[in-house]
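Coordinate inspection notes
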Amino acid sequence: MSKRARGKNRAFLRGAAVAISAAVAFTCATGSGSAAEETGKHDATQRALDALERAGMPGVAAEVSGKRGKWFGSAGYADTATKRKRTAADHLRAGSNTKSFISVVLLQLEAEGRLSLDDSVERWLPGVLKGNGYDGTKVTVRQLLNHTSGVHDMVSTPEWREYMNGPGFLAHRYEAWTPQQIIGLALTYKPDFEPGTSWNYSNTNFVLAGMIIEKVTGHTYAREAEQRIVKRLKLRETTFPGTDPKMPAPYAIGYSKLYAANPGPEIHDATEYNPAWSGATGEIISTTGDLNRYYSALIKGELLPAAQQRELLDTVETGTFFDYGMGLIVRTLSCGVKVYGHDGIVWGSLTSTATTADGKHTLTFHLNGDWLEDGKPYEDVFEAEFCAKD
């Protein structure tokens, strides 16, 4: 891996909303099965979890749902003080997996004829994207959902880093800004590029997407997602907590170095904070089992009509190790298997879900620590589950 690639890995793990590339060259072939699925064994996956613990993570848990049933594996602890082990019942902050739920709501609204993905942001949010190089008439809903809008990411601004990372997190964790305030922060910086001409992951896109859902329906994005997805799929442990900083029991403590610019050895309990900071970009709380159920159903076509399913899976190249659909990360693994899902990174919590193209083999894993420096052990979990032969 080049010095430049290593730097990008560290940058992602310290505060981006997607996970890190492995130090392998992925092929471009596709596939819907895997050796791990065929054998029904998960020895390699367990070894990958153990490697993450050895890399310094407090605890890691993984759940697999496949043709041969369910499997759960773990390493380390949910609570390092009491030595309480990780369990499949642990609730977790799923971060940017929220984006997939937001995309599905908007795709359903399109199927109902209530909007089009090619509508401009200006149509639904007049005057919100305006000035400093922004023109809401030229940015579409589609471009928000696949991150080709050029709208600057509020999480990448110095102001956000000062206010919500390092000591700022400890001082402000229970506060909340409105979506309008968060967008205003991002728009103090010029667009990253002209809409539709490039790709850049921007959490601001999904703040805007959540606002559009509310404008179209008259309801919060959380209510729409709960009615349309959570209740429909009976995701009993999945919630949109709003401004409630607490986690439902049981849960793994979220250990964090707070994405400080120069972190020391200090590790903080970041379990509680006001989820409104994440909002439509990363608010959701769930479990490994619920996330497996959701992504499996989504890829199987249980939530969208055929036309919208095609739009969901219509990916753009990102210049990274993955392609991106509508709130969907698509990895092509070294064995040729394509997996569909999303990653979520918030303070003290890293979550990833991936499922095969037929939705029949699904993995969710969660780390309750956020300072992993090397992306390879993280990506090795995908490789182990979907590609390993033992």
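The text that follows walks through the structure, step by step, so that each part is easy to find. (Residues numbered from 1 in each chain as written. Predicted model: local features only at pLDDT ≥ 70, side-chain atom pairs only at ≥ 80, totals over all residues. Heavy atoms only, no water.)

1. Here we look at the state of the cysteines
- In total, this model carries 1 disulfide according to the counting rule given.
- A disulfide bridge connects cysteine 335 with cysteine 387, and the sulfur atoms are separated by 2.0 Å. Disulfide cysteine 335 to cysteine 387: torsion about the S-S bond roughly -65°, handedness left-handed. Here the residue cysteine 335 occupies a position in the loop between β12 (329–332) and β13 (338–346), and cysteine 387 occupies one in helix α14 (residues 376–387), the gap between them amounting to 52 residues.
- Since its relative accessible area comes to 14%, cysteine 387 is described here as buried. (Disulfide = S-S within 2.5 Å. Helix = DSSP H or I, 4+ residues; strand = E, 2+ residues; numbered from the N terminus. Buried < 20%, exposed > 50% of the residue type's maximum accessible area, 1.4 Å probe, protein only.)

2. Looking at the environment of glutamate 237
- Within the fold, glutamate 237 resides in the loop between α11 (221–230) and β7 (255–256).
- You can call glutamate 237 partly exposed: its relative accessible area is 36%.
- Between the alpha carbons of glutamate 237 and isoleucine 285 there is a distance of 7.8 Å; along the sequence they are 48 residues apart.
- With near-sequence residues (within four places) excluded, glutamate 237 lies in contact with His91, Ile285, Ser286, Thr287 and Asp290. (Contact = heavy atoms within 4.5 Å.)

3. Details of helix α3 (residues 43–54)
- In this model, α3 (12 residues) spans 17 Å end to end at C-alpha, consistent with the 16 Å of a helix rising 1.5 Å per residue.
- Three or more residues of α3 are buried, namely Ala44, Thr45, Ala48, Leu49 and Leu52. Each buried residue of α3 sits inside an arc of 145° when the element is viewed along its axis, so together they form one side.
- On its buried side, α3 packs onto β1 (59–66), β2 (69–79), β15 (362–367) and α14. (Expected span 1.5 Å × (residues − 1). Arc of directions from axis to C-beta.)

4. Re the pairing of β2
- One ladder, built from 8 bridges, connects β1 with β2; its direction is antiparallel. The residue of β2 that forms the bridge with valine 64 is tryptophan 71.
- Following β1, the chain reverses through 2 residues before pairing antiparallel with β2.
- Pairing of β2 with strand β3 (residues 84–85) involves 2 bridges; the strand directions are antiparallel. Bridging across to β3, aspartate 79 finds its partner in arginine 84.
- Counting the residues that bridge the hairpin from β2 to β3 gives 4 residues, and of these lysine 83 lies at a positive phi of roughly 65°. (Pairing = 2+ DSSP bridges.)

5. Let's talk about the packing of helix α9 (residues 179–187) against helix α10 (residues 203–217)
- Direction vectors running N to C along α9 and α10 enclose 145°, while the axes themselves pass 10 Å from each other. For the pair α9 and α10, the sense of crossing is left-handed. Here Pro179, Gln180, Ile182, Ile183 and Ala186 of α9 come into contact with α10, specifically with Thr204, Val207, Leu208 and Met211.
- In terms of residue class, the contact of α9 with α10 is made up of 7 nonpolar, 2 polar and no charged. (Axes fitted to C-alpha atoms, helices over the stretch in contact; angles between N-to-C directions. Left-handed = near helix turned anticlockwise from the far one by under 90°. Nonpolar A, V, L, I, M, F, W, Y, C, P; charged D, E, K, R; others polar.)

6. Let's talk about the packing of helix α4 (residues 98–111) against helix α12 (residues 288–300)
- For the pair α4 and α12, the least separation of the axes is 12 Å and the interaxial angle reads 35°. Seen from above, α4 lies across α12 with left-handed handedness. Every residue of α12 that contacts α4 at Ser100, Phe101 and Val104 is listed here: Tyr294, Tyr295 and Leu298.
- Of the residues contributing to the contact of α4 with α12, the split by class is 5 nonpolar, 1 polar and no charged.

7. A look at the side chain of glutamine 308
- With respect to the helices and strands, the residue glutamine 308 is situated in helix α13 (residues 306–312).
- Apart from the residues within four sequence positions on either side, glutamine 308 is in contact with Leu107, Glu110 and Ala111.

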